[in-house]
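# Tertiary structure, described
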Amino acid sequence: MAKDSFLVGLIGSGIGPSLSPALHEREADRQGLRYVYRLIDIDVLGVEARAVGDLVRTARDLGFDGLNITHPCKQLVIEHLDGLDPQAEALGAVNTVVFEDGRAIGHNTDVTGFADSFARGLPDAPLDRVVQLGAGGAGAAVAHATLTLGAGRVTVVDALPDRAADLAASLNRHFGAGRASATTPDRLAALLGGADGDGGVDGLVHATPTGMAAHPGLPVPAELLHPGLWVAEVVYRPLETELLRTARATGCATLDGGGMAVFQAADAFRLFTGREPDAARMLADIAELAGALPAPK
């Protein structure tokens with residue numbers, strides 16, 4: 001008899017506003033499943049990110065079927081797992097853990113989540129040269145997705161130079177020499193060209209926590225945005241980040257993080273349950289829950 005009851009959770013920092021529980025539980029309800037999705041917020045628990053291993057072990061012992069993993073634990077969790085699927089191993093980042101026969105197996109659904117969202121929301125965007133802010137767990141996935149979509153070159157910008165360099169090196173190994181480079185935030189003005197020119201860059205991908213409910217603010221000076229630039233956001237809570245508001249006011253084509261949230265959630269739901277989710281229904285859910293995404297056509 002097929003399993004019809006599931007207990008899953010999300011481990012991360014400042015995740016109180018997350019829409020993941022509602023997205024998963026609504027889809028499960030429509031499929032007639034008993035499905036409970038718990039938030040495991042390290043801030044609420046008063047523990048540091050490195051405690052993620054203890055939290056994963058505890059969840060396994062308590063009978064959880066799986067976990068989603070978010071900032072700042074996507075890379076730290078790897079050493080505490082029993083195995084990785086090829087995509088998570090290539091990325092060095094995990095956003096989904098499935099418990100199988102007592103073993104914790106890491107997956108990454110962020111790559112396909114971002115790629116599917118970008119193809120849906122910015123289908124005609126030029127991709128010759130892309131600048132990406134952020135080289136953490138989400139950044140690794142998004143950079144892989146951007147190059148998979150056909151980007152000619154991605155320049156990774158991170159406040160931690162070694163982290164940016166490591167990601168660029170990994171991308172070049174995977175996609176070929178010269179497809180990625182790394183630099184520091186003080187080079188953003190030269191890269192983007194400011195308000196008077198496009199600097200040869202087609203788009204900006206933002207993959208840091210800045211703009212999240214717990215980390216408000218603008219990750220790049222407003223004067224560096226210009227109408228020749230598209231801007232894609234990974235943050236989805238809120239959907240209307242300060243970066244997206246500023247970019248739209250400047251005349252940029254934009255992509256919010258809602259689509260990525262839905263598509264990665266749909267892939268995680270499939271891993272947890274073995275059931276096929278309806279992504280179109282989940283896109284309608286996030287439109288209702290967040291009040292900012294158009295319903296699917």
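In this report, the structure presented in the accompanying data block is examined. (Residues numbered from 1 in each chain as written. Predicted model: local features only at pLDDT ≥ 70, side-chain atom pairs only at ≥ 80, totals over all residues. Heavy atoms only, no water.)

Let's shift gears to the packing of helix 6 (residues 137-148) against helix 7 (residues 161-175). How two helices pack is summed up by the angle between their axes together with the distance between the axes. With their axes 11 Å apart at the nearest point, helix 6 and helix 7 run at an angle of 35° to one another. Considering how the two elements wind past one another, helix 6 and helix 7 form a crossing that is right-handed. Where helix 6 abuts helix 7, its residues Gly139, Ala140, Ala143, His144, Leu147 and Thr148 lie against Leu167, Ser170, Leu171, His174 and Phe175. Residue classes in the contact of helix 6 with helix 7 are distributed as six nonpolar, five polar and no charged. (Axes fitted to C-alpha atoms, helices over the stretch in contact; angles between N-to-C directions. Helix = DSSP H or I, 4+ residues; strand = E, 2+ residues; numbered from the N terminus. Left-handed = near helix turned anticlockwise from the far one by under 90°. Contact = heavy atoms within 4.5 Å. Nonpolar A, V, L, I, M, F, W, Y, C, P; charged D, E, K, R; others polar.)

Attention shifts here to the sheet that holds strand 1 (residues 5-12). An order of 2-1-3-5-6-4 is seen for the six strands of this open sheet, with the pairing classed as mixed. This sheet does not close on itself; its edge strands, each paired only once, are strand 2 (34-41) and strand 4 (83-84). In this structure, strand 1 lies alongside strand 3 (residues 66-69), joined through four bridges in parallel fashion. Along strand 3, the bridge assignment pairs Val8 with Gly66. The sheet contacts of helix 1 (residues 20-30) involve strand 2 and strand 3, and relative to strand 2 the element is tilted by about 170°. (Pairing = 2+ DSSP bridges.)

Further remarks concern the side chain of Glu233. Within the secondary structure layout, Glu233 lies in strand 11 (residues 230-233). Arg248 provides the closest opposite charge to the buried, salt-bridge-free Glu233, at an N-O distance of 9.1 Å. Here His206 takes part through its side chain, which lies 2.6 Å from a polar atom of the side chain of Glu233. Residues in contact with Glu233, not counting those within four places in the same chain, are His206, Thr241, Leu243, Leu244, Leu255, Asp256 and Gly257. (Buried < 20%, exposed > 50% of the residue type's maximum accessible area, 1.4 Å probe, protein only. Lys, Arg positive; Asp, Glu negative; His and termini not counted. Salt bridge = Lys/Arg side-chain N within 4 Å of Asp/Glu carboxyl O. Polar contact = N/O pair within 3.5 Å; in protein donor to acceptor, adjacent residues only side chain to side chain.)

This brings us to the environment of Pro126. Summarising the element assignment, Pro126 is placed in the loop between helix 5 (110-121) and strand 7 (129-133). Once the C-alpha coordinates of Pro126 and Asp65 are considered, the two residues, 61 residues apart in sequence, prove to be 40 Å apart. Setting aside chain neighbours within four positions, we find Pro126 in contact with Asp202 and Trp230.

Right, let's get into the packing of aromatic side chains. Considering all chains together, one arrives at four aromatic pairs under this definition. Centroid distance Phe114 to Phe118: 5.9 Å. Interplanar angle 40°. Geometry classified as tilted. Remark: Phe118 and Phe114 occur in helix 5; sequence separation between them is four residues, near one turn of the helix. Taking the relative accessible area as the measure of exposure, Phe118 reaches 3% and is therefore buried. Here Phe118 and Trp230 contribute two aromatic rings whose centre-to-centre distance is 5.1 Å and whose plane-to-plane angle is 70°, an arrangement assigned as edge-to-face. A residue pair is termed long-range when its members are at least 10 positions apart, and Phe118 in helix 5 and Trp230 in strand 11 qualify at 112 residues. The two residues Phe118 and Trp230 agree in class, both being buried. Grouped by ring-pair contacts, the aromatic residues Phe6, Tyr35 and Phe269 constitute a single cluster. (Phe/Tyr/Trp six-rings, centres within 6.5 Å; stacked < 30°, edge-to-face > 60°.)

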